Amino acid sequence: MSDDVLAVAEHRRGELRPVSFESITAGRQLADALGGDLHLAVISGTVEEYAEDLDRDGVDYIHTVDYGEEFNQDVYLQALEALVDDLDPAALMAPNTVNGLAYAPAFADRHGLPLVTDVVDFEVDGDTFVATREMYASKVETTTELPAERFVLTIRDAEWPEAEDRGGAEIARADVTIDEDAIGPRTSGFEEVAAGDVDITEAETLVAVGRGIEEGENVELIEALADAIDATVAASRPVVDNDWLPKNRQVGQSGKTVSPEVYIAIGISGAVQHVAGMKGAGTIVAINKDPDAPIFDVADYGIVDDLFEVVPELTEEFGG
Amino acid sequence: MKVLVTVKEVAALEEDFEIEGTSVPEQYLEYDLNEWDDYAVEEAVQLQEDGIAEEVVTATIGPERSEETIRMALAKGADRAIRVWDDAIEDAGLLDVGVKTRVLERIVEEEDPDLILTGVQASDDGFSATGVSLAAAMDYQWASVVNTLDLDADDGVAKVHRELEGGIEELTEIDLPAVLTIQTGINEPRYASLRGIRQAQQKEIAHQTLDDLGLEATAVESELTLTDMYEPETESDVTVFEGDPDETAGALAEVLRDKGVGAE
């Protein structure tokens with residue numbers, strides 16, 4: 001086994017995703033802790049262009065696999081199997097994204113490797129890899145230990161800064177042959193959630209409503225407040241899952257990323273997937289009855305109380 | 001067609017809780033059916049109602065307490081359930097993805113389903129990996145984070161939308177047998193009817209041990225060890241308004257007006 005780290009870049013529809021550059025920072029940190037090199041795999045799409053862009057400070061080697069355009073889990077698995085065979089890295093690092101989690105667990109299972117996902121921080125203590133993870137909807141943090149040899153990890157996005165400085169990595173085409181007969185999924189394209197009547201990314205003030213609203217009919221309360229303060233109504237995932245508001249109103253990882261001047265989160269606990277979509281707001285206000293709700297960690301102003309008491313009062317303040 | 005749904009009973013923390021060692025004592029935990037699995041159960045039951053699935057079987061790794069949760073899945077329409085637990089699992093500590101895969105793999109081999117539905121993730125430990133890992137172990141195809149499913153049973157093809165980040169969906173087809181990890185919002189999970197709840201009492205929950213599954217106690221040994229659990233240090237510098245709703249709303253309104261909110 002080498003002491004190296006093999007990290008995997010992620011791209012979609014012709015663009016590298018930011019987590020690719022975060023993976024360089026995290027991968028460098030791990031390679032330093034293990035005393036090895038950082039290898040980066042870039043698979044499918046315009047790999048030569050991607051490799052140029054990914055050549056940032058901290059990367060030692062970039063391996064390109066020029067096959068197909070978009071993500072396919074079986075292509076990624078075949079490519080990574082060949083690369084891991086060749087490099088025998090101590091750690092395979094994938095992003096903890098929808099696509100990262102579509103191949104990392106399969107790779108771990110096929111090779112009998114331990115897997116630790118959604119890592120938000122780590123250290124190496126001798127022969128032990130110590131991962132920091134969250135549990136119970138971010139209410140506790142845990143450390144999980146495993147031998148720091150031949151393991152698979154996925155790192156949460158937006159936890160490490162993006163690597164920015166230009167690097168001097170050795171870029172080479174990987175010696176990989178993809179077996180077309182062993183590719184299962186057939187992807188025909190992409191669909192975007194319809195923009196609909198309103199673009200929440202354009203709003204200066206957003207009033208966002210979450211699970212705490214309890215019933216679809218109660219959304220009226222939020223709409224009344226939004227009317228009174230001339231704001232746009234947005235939502236967290238459970239509200240959209242329940243069809244209380246349409247999908248184009250959803251803020252978060254699987255919805256829109258917004259950065260209004262003022263964001264008022266009502267009955268939203270502040271799960272990491274939601275916060276990912278709104279932490280860039282100028283001023284964040286949270287109204288939630290649970291004082292331990294993670295939304296208060298990112299809020300500038302807060303009211304710890306029953307939203308059904310507070311929201312009508314607030315609406316009235318603005319003449320609604 | 002036979003559909004197997006993996007069902008997990010998850011714990012959520014009470015508002016006030018304590019940590020003892022690397023766990024939270026039972027009195028601070030509330031147990032429920034994992035939210036993602038609720039959608040997976042609903043999807044399976046709908047396949048049954050559409051005449052596509054002949055049988056819906058649930059599989060759970062959990063102690064006797066979890067039978068209450070399993071009964072909820074049965075009350076919503078699943079036909080029967082399998083629950084795996086024994087002393088070796090009880091004492092194993094962290095059940096990581098590899099352990100869960102090894103146990104579920106034996107059930108799948110036994111049941112030989114055409115389709116396996118799992119939740120995308122469990123709300124307690126959140127590994128988000130067991131479904132894909134299980135598919136790899138079984139050499140099945142898989143599609144993860146599915147939020148639309150159109151099953152062509154005659155051709156043995158699942159046409160799915162995979163929900164990617166940023167409001168983008170990937171349109172993909174895979175061949176059965178397959179594992180689909182189900183995302184919330186794919187359907188509207190029903191509430192169990194009184195009739196369903198009554199019927200569930202008569203349905204079978206087969207309890208199995210590792211031995212029954214042909215596994216040694218070593219099958220639940222993990223290379224991962226949970227070594228610490230703590231409340232995260234908050235980096236919050238939030239200003240919290242105190243008082244009755246009219247006072248807090250008034251104070252907040254003042255701040256909002258300062259920010260130009262509500263000014264025409």
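Just so you know, these numbers come straight off a predicted model, no measurement behind them. All residue numbers here refer to positions counted from 1 along the written sequence of the relevant chain. The order in which chains are written sets their letters, starting at A; the order in which ligands are written sets their numbers, starting at 1. This being a predicted model, a pLDDT of at least 70 is required before a residue's local features are given, and a value of 80 or more before pairs of side-chain atoms are given or counted; all residues contribute to the totals for chains, interfaces and linings.

(A) Highlighting the overall build of chain A. Secondary structure is summarised from DSSP: a helix means a run of H or I of at least four residues, a strand means a run of E of at least two, and numbering begins at the N terminus for each. From N to C terminus, chain A includes nine helices and 18 strands. Split into buried and exposed, the 320 residues of chain A put 55% on the buried side. Residue pairs qualify as contacts under a 7 Å threshold applied to their C-beta atoms, which are placed from the backbone. For chain A, long-range pairs separated by at least 24 residues make up 65% of all intrachain contacts whose partners lie at least 6 apart in sequence. Every C-beta atom is placed from the backbone, and the number of other C-beta atoms within 10 Å of a residue's own sets its class: buried at 20 or more, exposed at 12 or fewer, partly exposed in between.

(B) Region of interest: the nonpolar core. Grouped together as the largest cluster of nonpolar side chains are 126 residues, with contacts concentrated most on Ala41(A), Met93(A) and Ala44(B). When neighbours within four sequence positions are excluded, Ala44(B) is seen to be in contact with Val3(B), Val5(B), Ala53(B), Val56(B), Ala78(B) and Leu117(B). Counting 51 residues, the second-largest nonpolar core is a separate cluster that includes Leu245(A), Ile264(A), Phe241(B) and Leu252(B). Note on definitions: a nonpolar core is a set of buried residues drawn from Ala, Val, Leu, Ile, Met, Phe, Trp, Tyr and Cys, linked by C-beta atoms within 7 Å.

(C) The interface of chain A and chain B, seen in detail. Taken together, the contact between chain A and chain B spans 68 residues of the former and 69 residues of the latter. The element contributing the most residues to the side of chain A that touches chain B is strand S10 (residues 140-147) of chain A, with eight residues. Three categories are distinguished: nonpolar for Ala, Val, Leu, Ile, Met, Phe, Trp, Tyr, Cys and Pro, charged for Asp, Glu, Lys and Arg, and polar for the others, with Gly belonging to the last. In the side of chain A that touches chain B, the residues fall into 31 nonpolar, 15 polar and 22 charged. Two strands qualify as a pair provided DSSP detects at least 2 bridges between them. Summarising the sheet, S10(A) and strand S12 (residues 225-230) of chain B pair through five bridges and their orientation is antiparallel. Looking at the pairing, Thr143(A) lines up with Asp228(B) of S12(B).

(D) Structural detail: the packing of helix H2 (residues 67-75) of chain B against helix H6 (residues 194-202) of chain B. Residue and element names in this part refer to chain B. Think of each axis as a best-fit line through the C-alpha atoms, taken over the contacting stretch in the case of a helix, with angles from 0 to 180 degrees between the N-to-C directions. Where H2 meets H6, the closest approach of the two axes is 8 Å, and the angle between their N-to-C directions is 120°. When the interaxial angle is binned, H2 and H6 end up oblique. The hand of the H2/H6 crossing is right-handed. Contacts from Arg71, Leu74 and Ala75 of H2 reach H6 at Gly196, Ile197 and Ala200. Angle categories are assigned with fixed cut-offs, so that under 35 degrees is roughly parallel, over 145 is roughly antiparallel, 65 to 115 is roughly perpendicular, and the rest are oblique. Working rule for handedness: look at the near helix, and if it is turned counterclockwise from the far one by less than a right angle, call the crossing left-handed; if clockwise, right-handed.

(E) Examining the domain arrangement of chain A more closely. Residues and elements named next belong to chain A. Domain assignment breaks chain A into domain 1 (5-182) and domain 2 (200-317). Opposite the four residues of domain 1 that make contact, domain 2 presents six residues. Grouping the constituent residues of the side of domain 1 that touches domain 2 by class yields two nonpolar, one polar and one charged. Here the limits of each domain have been adopted from an automatic or database domain assignment.

(F) Region of interest: helix H5 (residues 219-229) of chain A. Residues of H5(A) that are buried include every one of Ile222(A), Leu225(A), Ala226(A) and Ile229(A), and no others. The buried residues of H5(A) occupy one face: seen down the axis, they fall within an arc of 100°. Packed against the buried residues of H5(A) are strand S14 (205-209), strand S15 (232-235), strand S16 (262-266) and helix H9 (307-317) of chain A together with helix H7 (245-258) of chain B. Asp230(A) sits one or two residues past H5(A) and shows a positive phi near 60°. Our arc is simply the arc of the directions from the helix axis toward the C-beta atoms.

(G) Focus on the confidence of the model for chain B. Counting all residues, the mean pLDDT for chain B is 96, and 100% of those residues have values of 70 or more. At the level of chain-chain contacts, confidence expressed as ipTM amounts to 0.95, with global pTM at 0.94. Residue-level confidence of the predictor, termed pLDDT, takes values from 0 up to 100.

(H) Here's a closer look at the sheet that holds strand S7 (residues 141-152) of chain B. An order of S13(A)-S9(B)-S8(B)-S7(B)-S10(B)-S6(B)-S1(B)-S4(B)-S5(B)-S11(B) is seen for the ten strands of this open sheet, with the pairing classed as mixed. Edge positions in the sheet fall to strand S13 (186-192) of chain A together with strand S11 (205-208) of chain B, since each has one partner strand and no second. With direction set aside, neighbouring strand axes in the sheet form an average angle of 35°. Bridge count between strand S4 (residues 55-61) of chain B and strand S5 (residues 80-84) of chain B: five bridges; the pairing is parallel. If you follow Ala59(B) over to S5(B), its bridge partner there is Ile82(B). The strands touched by H2(B) within the sheet are S4, S5 and S11 of chain B, with S5(B) carrying the most contacts at an inclination of about 155°. The strands touched by helix H4 (residues 97-111) of chain B within the sheet are strand S1 (2-6), S4, S5 and strand S6 (115-119) of chain B, with S4(B) carrying the most contacts at an inclination of about 155°.

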